[in-house]
Amino acid sequence: MEIFANLALGFGVALSPFNLLMCLIGVVLGTLIGVLPGVGPVATIAMLLPITFNLDPVAALIMLAGIYYGAQYGGSTTAILVNLPGESSSVVTCLDGYQMARQGRAGPALATAALGSFFAGCVATLVVAMFAPPLAEVALKFGPSEYFSLMVLGLVAAVVLAHGSLIKAICMVLLGLMLGLVGTDVNSGVLRFAFGVPEIADGIGFVTVAMGMFGLAEIIGNLEQKGAREVFTSKVTHLWPTREDFKRIWKPILRGTFLGSALGILPGGGALLSSFGAYTLEKQVSKYSHEFGKGAIEGVAAPESANNAGAQTSFIPLLTLGIPSNAVMALMIGAMMIQGIAPGPQVMTERPQLFWGMIVSMWIGNLMLVVLNLPLIGIWIKLLTVPYRWLYPSILVFMCIGVFSLSNNPFDTLLMAMFGLLGYVCVKLECEPAPMILGFILGPLMEENLRRAMLLSRGDALVFFQKPISASFLVVSIILLAIIALPNIRKKREEAFQE
Amino acid sequence: MQIKSPKDFWAGAMFIAFGAGMAAIAIKDYQMGNAVRMGPAYFPTVLGGLLAILGLVLLLRALALKGEKIGQFHFRPLLLILAACVAFGYLLKPLGLLGALLLLVFISAYGGHEFKWKEVLILYAGLFVFSVLVFVKGLTLPFPICPEAIEDYCRF
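Since the model is a prediction, treat every value here as computed from it, not as a measurement.

## Focus on the overall build of chain B
- Scanning chain B from terminus to terminus reveals four helices and zero strands.
- Along chain B, from the amino end to the carboxyl end, the secondary structure elements read α-α-α-α.
- Taking 156 residues into account, the globule formula puts the C-alpha radius of gyration at 15 Å, and chain B, at 24 Å, lies well above it.
- For chain B, the spread of C-alpha atoms along the principal axes amounts to about 60 × 45 × 25 Å.
- Relative to its 156 residues, chain B shows a buried fraction of 40%.
- Sequence-distant contacts in chain B: of pairs separated by 6 or more residues, those separated by 24 or more amount to 63%.

And the structure:
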């Protein structure tokens, strides 16, 4: 079996002491930022990107991946104990997890979240290992028209799954695409939209945009709100769920894992969508649906398994197609490009160590996370008592140093501040930044593939509908947009995001 | 004419400004080419046009459909946080980490709800030591530690 040989290769890479250490650093950081409300994985990964310059590519990606799925573990802790989502994908865990904590069952809730996440992490690792290679093989046959249509599909999916207004999400994607075009045009060598600023001749730095739009805007938004946190620290005494609990959670964990794995692969999917989907599904099928919202353990088990599964399977489109499905994956592409790796289907054949090492490291990381989260839960709870007024200046220091070190140029900090302002305005106008970031990454790629496809077809735009794979991507995109535009479904979508 | 949905109205205005502005620059300054050989202006013009049209839809819709008001802008954290970042960037070379971090930490802390001198000073000292050890010594980033003026008297 080829898969075992591949996994063995992966273990060889992931178990090297240095990579183990990077994995540990990643998951610890992930848990940390997951626990702390107001610090998300997007901002953290953006912050750490410049630092990965000096690392080996495998080690860098292992660490950054660890932050993402580690945050899924940490986020549940805060959701259960403080009724605040430490991470946006833990929003639904607040509903029942916090109620369980109020009933003195914080321990079993935390254990359920961790065990569910661990099970989901194991399954998702296998899913990635099994589905990525065949998908990459298909992707190797893609030409420019297939790539262009696939990117359209990815962007449409991101729009459909964004919160709030559809038109605004499309606008944000377009804005991102255009900002991605700033800098020297590769085909003609013409400098576009640089306004005489030499610093952006090579394009606007992705890290700078992400840190401004997410990091700075998040901090400023948090400073607007006042609010005391109530932490259930003394209540966490017994951790282990009862036999009755186990009976009730194994099915939700299974369902959550499979739903999460499936939703994670979708363009636009990932942890957030998975946890929402799993909670809604569980509420429909559970025998205990009347207990939901009042401390049903299923309401913790299903979304927590799903968000971890989704976080991991969202690596599949990244690793096989080179196309990010959400903002975190867009950052991972940034990390690969910093290391000189062109993301795409060839990564698996050209750099098997990187590919399989990363996959295996996810499983190892999950193992570390269970240990980090159950016996050491006390430490993380203590962290929750660190006031935000100490936290945000520290985050700013890391962000500024990170951005400055990109090219040792003060202009990058100014640019970051400008994007911070844009991000804040967007939040105020209820325009979500995530679709913009996707557009930003895909802008140059899309233009390049569009040009090539049109050149090959001698200017015939119908080429996108004549090739079967390309046509099916476009048809799915159109169907998605049409469905979402129907008033009936739009209402349902709004309701789903309301919950 | 009355704006019934300020959030959508201003979002629409913003998108029109970006879309139309960038499309106009593209048309004026760069080569358009044709569908077979697209020039540098082609793709931005299409995108900018689309953005402006959708922005206009948003804007017109905001005149008809009722929507939410825009939440209050909090200028104090906004301006102070942004200023702190810019100050750090432009003063890092002349003032070194010692001075630039001082500005960054104090200005940003001042943008929060509570500001206690002693606390911020301790925070600054901790972050300074950490940054020197991790970033300058550990990751060997080429940042000056001390201000230029007193470089000769200041060794870490």
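## What to know about the overall build of chain A
- Check the secondary structure of chain A and you find 23 helices and two strands.
- Against the 2.2 N^0.38 benchmark of 23 Å for 499 residues, chain A shows a C-alpha radius of gyration of 22 Å, consistent with a compact globule.
- Out of the 499 residues belonging to chain A, those deemed buried represent 61%.
- Sequence separation of 24 or more characterises 80% of the internal contacts of chain A that already satisfy a separation of 6 or more.

## Describing the confidence of the model for chain A
- Across chain A, pLDDT averages 82, with 92% of residues at or above 70.
- Here helix α23 (residues 487–498) of chain A stands out as the element of chain A with the lowest mean pLDDT, 57, in contrast to helix α19 (residues 411–428) of chain A, whose mean of 92 is the highest.

## Let's talk about the confidence of the model for chain B
- Mean pLDDT over chain B: 87, with 98% of residues reaching 70 or higher.
- The ipTM value of the predicted complex is 0.92, and its pTM value is 0.81.

## Overview of the nonpolar core
- Counting residues in hydrophobic clusters, the biggest one holds 232 residues, and the most contacted among them are A46, V173, A210, M211, L331 and I437 of chain A together with L104 of chain B.
- When residues of this core are assigned to domains, at least three map to each of domain 1 (6–64) and domain 2 (75–153) of chain B.

## What about the interface of chain A and chain B?
- Taken together, the contact between chain A and chain B spans 55 residues of the former and 58 residues of the latter.
- At the level of elements, α8 (166–180), α9 (206–224), α18 (388–407), α19 and α20 (433–456) of chain A are the ones that each hand at least two residues to the side of chain A that touches chain B.
- Ranked by residue count, the leading element in the side of chain A that touches chain B is α18 of chain A, at 11 residues.
- Looking at the side of chain A that touches chain B residue by residue, the class counts come to 35 nonpolar, eight polar and 12 charged.

## With respect to unusual backbone geometry
All names here are of chain A.
- A positive phi angle is found at F193, which is not glycine, with a value near 50 degrees.
- Residue classification places F193 among the buried residues on the basis of 20 C-beta atoms within 10 Å.
- The phi angle at N408 is positive, at roughly 50 degrees, despite the residue not being glycine.
- Of the residues examined, N408 has 12 C-beta atoms within 10 Å and is grouped as exposed.

## What to know about the environment of R105 of chain A
Residues and elements named next belong to chain A.
- Take R105: it is sitting in the loop between α5 (91–102) and α6 (106–140).
- Using a count of 24 C-beta atoms within 10 Å as the deciding quantity, one classes R105 as buried.
- The sequence separation of R105 and P345 amounts to 240 residues, and the corresponding C-alpha distance is 46 Å.

## Digging into the domain arrangement of chain B
- The assigned domain composition of chain B is domain 1 (6–64) and domain 2 (75–153).
- Centre-to-centre, using C-alpha coordinates, domain 1 of chain B lies 40 Å away from domain 2 of chain B.

## Some thoughts on the packing of α19 of chain A against helix α3 (residues 75–110) of chain B
- For the pair α19 of chain A and α3 of chain B, the least separation of the axes is 8 Å and the interaxial angle reads 165 degrees. With respect to α3 of chain B, the element α19 of chain A is oriented roughly antiparallel. The crossing of α19 of chain A and α3 of chain B is right-handed. Only L78, L82, C85, V86, F88 and G89 of chain B of α3 of chain B make contact with α19 of chain A, whose side of the interface consists of D412, T413, L414, M416, A417, G420, L421 and Y424 of chain A.
- For the contact of α19 of chain A with α3 of chain B, the class distribution of residues is 10 nonpolar, three polar and one charged.

## Considering the packing of α5 of chain A against α6 of chain A
Residues and elements named next belong to chain A.
- Interhelical geometry of α5 versus α6 gives an angle of 145 degrees and a closest axis separation of 7 Å. For the pair α5 and α6, the contacting residues are T93, G97, M100 and A101 in the first and A106, A109 and A113 in the second.
- Here the contact of α5 with α6 is built from residues that sort into five nonpolar, two polar and no charged.

## Describing helix α10 (residues 243–265) of chain A
- Taking 1.5 Å as the rise per residue, α10 of chain A with 23 residues should run 33 Å; its terminal C-alpha atoms sit 33 Å apart, in good agreement.
- The principal kink in α10 of chain A, of about 35 degrees, is found at I249 of chain A, preceding the proline P252 of chain A by one to four residues.

## Comments concerning the environment of Y98 of chain A
- With respect to the helices, strands and loops of the structure, Y98 of chain A is situated in helix α5.
- For the pair Y98 of chain A and L81 of chain A, spaced 17 residues apart in sequence, the C-alpha separation works out to 6.1 Å.

## Some points on α19 of chain A
- Between the first and last C-alpha of α19 of chain A there are 26 Å, a value that for 18 residues agrees with the 26 Å anticipated at 1.5 Å per step.
- Among all positions in α19 of chain A, only D412, T413, L415, M416, A417, F419, G420, L422, G423, Y424 and C426 of chain A are buried.
- Tucked into the core, α19 of chain A has its buried residues touching α9, α18 and α20 of chain A together with α3 of chain B.
- Directly after α19 of chain A, the chain includes E430 of chain A, whose backbone phi takes a positive value near 60 degrees.

## Some points on the environment of A101 of chain A
- Residue position: A101 of chain A is located in helix α5.
- C-alpha of A101 of chain A to C-alpha of I80 of chain A: the two residues are 21 residues apart in sequence and 6.4 Å apart in space.

Parameters and conventions
Residues numbered from 1 in each chain as written. Chains lettered and ligands numbered in written order. Predicted model: local features only at pLDDT ≥ 70, side-chain atom pairs only at ≥ 80, totals over all residues. Helix = DSSP H or I, 4+ residues; strand = E, 2+ residues; numbered from the N terminus. Rg over C-alpha atoms; globule rule 2.2 N^0.38 Å. Buried ≥ 20, exposed ≤ 12 C-beta atoms within 10 Å, placed from the backbone. Contact = placed C-beta atoms within 7 Å. pLDDT = per-residue confidence, 0-100. Core = buried A, V, L, I, M, F, W, Y, C linked by C-beta atoms within 7 Å. Domains from an automatic or database assignment. Nonpolar A, V, L, I, M, F, W, Y, C, P; charged D, E, K, R; others polar. Axes fitted to C-alpha atoms, helices over the stretch in contact; angles between N-to-C directions. Parallel < 35°, antiparallel > 145°, perpendicular 65-115°, else oblique. Left-handed = near helix turned anticlockwise from the far one by under 90°. Expected span 1.5 Å × (residues − 1). Bend = angle between axes of the 7 residues up to and from the residue.

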